[in-house]
Amino acid sequence: MDAETLQSWIGRTEVQIDTVTPGPARALAATLDQNPDDFTARAPLPPLWLWLYFLPVVRASGVGPDGHPQRGGFLPPITLPRRMWAGSRCQFLGTARIGDELTKVSTIAKVSAKTGRSGEMVFVTVRHAYSRGGAGLMEEEQDIVYMPIPEKFSPPEPVAVTDCPWTERVAIDPVLLFRFSALTFNGHRIHYDRTYAMDTEKYPGLVVHGPLQAILLMEAARRWQPGRQPASYTFRGLRPLFDFDAVSVCGRTNDMGGLDLFTANGDGAAGMQANLGWAAA
């Protein structure tokens, strides 16, 4: 698409209404080996778990060959074949609870094209605002990147994770990836279809979802410093993680009193980098 056509998508808005039912929260809790019985009526929804709601329900005839919805509609119809959630910047303003009826307003904020080591890329930034009765709960800027599929897998140079006093191993396997795909209605085949992931998109295995890594880091932070409420959270993917990796989540306190967080593979290379800022006590 030419630059003028891409820019014409800026400002497009989509409004959705959904109810925070207990089923998705209970299922994610079970998937993360937490107690699903904690999520009864009026129970608070953990940070980022709003991603379980407002899902893009697309008929089977509207799904593309990669498992994503076909290009076009709210997002611009960019033809580059690989699409990924590159990162987000979140602000937490309130707490959603089981049973709440919520509104989500999504707006295309930015569309830009550039050339990187993988060739031509297009970045789309979408702003999401979640609210209950007009009161804001979470605001997010989400970056989506479109790029070509390479002839062979060539990961970015590794970034070593060091100086983390908190480290936990995370059991990553195809069942976890399948369950998270199902819970988020994410049909992207790189997360559950090994043949497609390796033969078509040239990955060496099943890819660990970016939002799953973001949630794993947030949940670890809440265990390391219990009782605190997040105010801000940013994350970006540095390098893919796969189902065969020995994955860990790591963290350290930063100069602002928040946490620098990382997922890492068995070689200590960062998969995702995140920063969490706590609300004032």
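Figured I'd write up the structure that's included with this text. (Residues numbered from 1 in each chain as written. Predicted model: local features only at pLDDT ≥ 70, side-chain atom pairs only at ≥ 80, totals over all residues. Heavy atoms only, no water.)

1. Looking at the pattern of salt bridges
- Under the definition given, this model contains 13 salt bridges.
- Where Asp66 meets Arg71, a salt bridge forms, and the shortest distance between an N and an O atom there is 3.8 Å.
- Classification of Arg71 as partly exposed rests on a relative accessible area of 28%.
- With its nearest N and O atoms 3.1 Å apart, the salt bridge here joins Arg82 to Glu201. Taken together, the positions of Arg82 in strand S2 (residues 82-92) and Glu201 in the loop between helix H4 (194-200) and helix H5 (210-224) put the pair 119 residues apart, joining distant regions of the chain.
- You can call Glu201 buried: its relative accessible area is 0%.
- Beyond isolated ion pairs, a larger network of salt bridges with shared partners links Arg89, Arg127, Glu141 and Asp143. (Salt bridge = Lys/Arg side-chain N within 4 Å of Asp/Glu carboxyl O. Buried < 20%, exposed > 50% of the residue type's maximum accessible area, 1.4 Å probe, protein only. Helix = DSSP H or I, 4+ residues; strand = E, 2+ residues; numbered from the N terminus.)

2. Focus: the packing of helix H2 (residues 22-31) against helix H3 (residues 174-183)
- Look at H2 against H3: their axes get within 10 Å of each other, and the N-to-C directions meet at 165 degrees. The angle between H2 and H3 places the two elements in the roughly antiparallel class. As for the relative orientation of H2 and H3, their crossing is left-handed in sense. Taking contact as the criterion, the partners of Pro24, Ala27, Leu28, Ala30 and Thr31 in H2 are, on H3, Leu176, Arg179, Phe180 and Leu183.
- Of the residues belonging to the contact of H2 with H3, the class tally is 7 nonpolar, 1 polar and 1 charged. (Axes fitted to C-alpha atoms, helices over the stretch in contact; angles between N-to-C directions. Parallel < 35°, antiparallel > 145°, perpendicular 65-115°, else oblique. Left-handed = near helix turned anticlockwise from the far one by under 90°. Contact = heavy atoms within 4.5 Å. Nonpolar A, V, L, I, M, F, W, Y, C, P; charged D, E, K, R; others polar.)

3. Examining the packing of aromatic side chains
- In the structure shown here, the tally under the stated rule is 11 aromatic pairs.
- Seen in terms of ring centroids, Trp85 and Phe235 are 6.4 Å apart; in terms of plane orientation they differ by 45 degrees. Their pairing is tilted. Residue Trp85 is located in strand S2, and its partner Phe235 is located in strand S7 (residues 230-237); the two are separated by 150 residues in the primary sequence.
- Using a relative accessible area of 5% as the deciding quantity, one classes Phe235 as buried.
- An aromatic cluster of three or more residues is present, and its members are Trp51, Trp85, Tyr233 and Phe235.
- Here the basic side chain of Arg12 rests over the ring of Trp9, its NZ or CZ set 4.0 Å away from the ring centre.
- Sitting over the face of the ring of Phe123, Lys114 holds its NZ or CZ atom 4.9 Å from the ring centroid. (Phe/Tyr/Trp six-rings, centres within 6.5 Å; stacked < 30°, edge-to-face > 60°. Lys NZ or Arg CZ within 6 Å of the ring centre and 35° of its normal.)

4. Describing the sheet that holds strand S8 (residues 247-253)
- Spatially, S1-S3-S4-S5-S2-S7-S10-S9-S8-S6 is the arrangement adopted by the 10 strands of the open sheet, whose pairing is antiparallel. Among the strands making up the open sheet, the edge pair consists of strand S1 (13-19) and strand S6 (166-170). Across the sheet, the mean angle separating the axes of adjacent strands is 20 degrees when strand polarity is ignored.
- The pairing of S2 with S7 spans 5 bridges and is classified as antiparallel. From the neighbouring strand, Gln91 faces S7, where its bridge partner is Ser232. (Pairing = 2+ DSSP bridges.)

5. Overview of the pairing of strand S5 (residues 135-147)
- With 10 bridges connecting them, S2 and S5 associate as antiparallel partners. Within the sheet, the bridge partner assigned to Trp85 lies in S5 and is Ile144.
- As defined by bridge partners, strand S4 (residues 119-132) adjoins S5 across 11 bridges and the pair is classed as antiparallel. Residue pairing in the sheet places Thr125 in a bridge with Asp143 of S5.
- Between the end of S4 and the start of S5, which pair antiparallel, lie 2 residues, with Gly133 showing a positive phi angle near 60 degrees.

6. What to know about the nonpolar core
- Among the nonpolar cores identified, the biggest contains 57 residues, and Leu45, Leu48, Trp49, Tyr233 and Leu261 are the most heavily contacted of them.
- By residue number, the principal contributor to this core is H5, which donates 9 residues.
- Each residue touching Leu261, except ones within four places of it in the same chain, is listed here: Leu217, Ala221, Trp224, Tyr233, Cys250, Gly251, Met272, Gln273, Ala274 and Leu276.
- Core analysis: the next-biggest nonpolar cluster, separate from the first, contains 12 residues, Leu6, Leu80, Val111 and Val126 among them. (Core = buried A, V, L, I, M, F, W, Y, C linked by side-chain atoms within 4.5 Å.)

7. Digging into H3
- For H3, the complete set of buried residues consists of Leu176, Leu177, Phe180, Ser181 and Leu183. Along the axis of H3, the buried residues cluster in a sector spanning 165 degrees; they form a single face.
- Buried positions along H3 lie against H2 and H5.
- The N-cap residue of H3 is Asp173: its side-chain oxygen and the backbone nitrogen of Val175 are 3.1 Å apart.
- The positive-phi residue at the C-terminal boundary of H3 is Phe185, with phi of around 50 degrees. (Arc of directions from axis to C-beta. Polar contact = N/O pair within 3.5 Å; in protein donor to acceptor, adjacent residues only side chain to side chain.)

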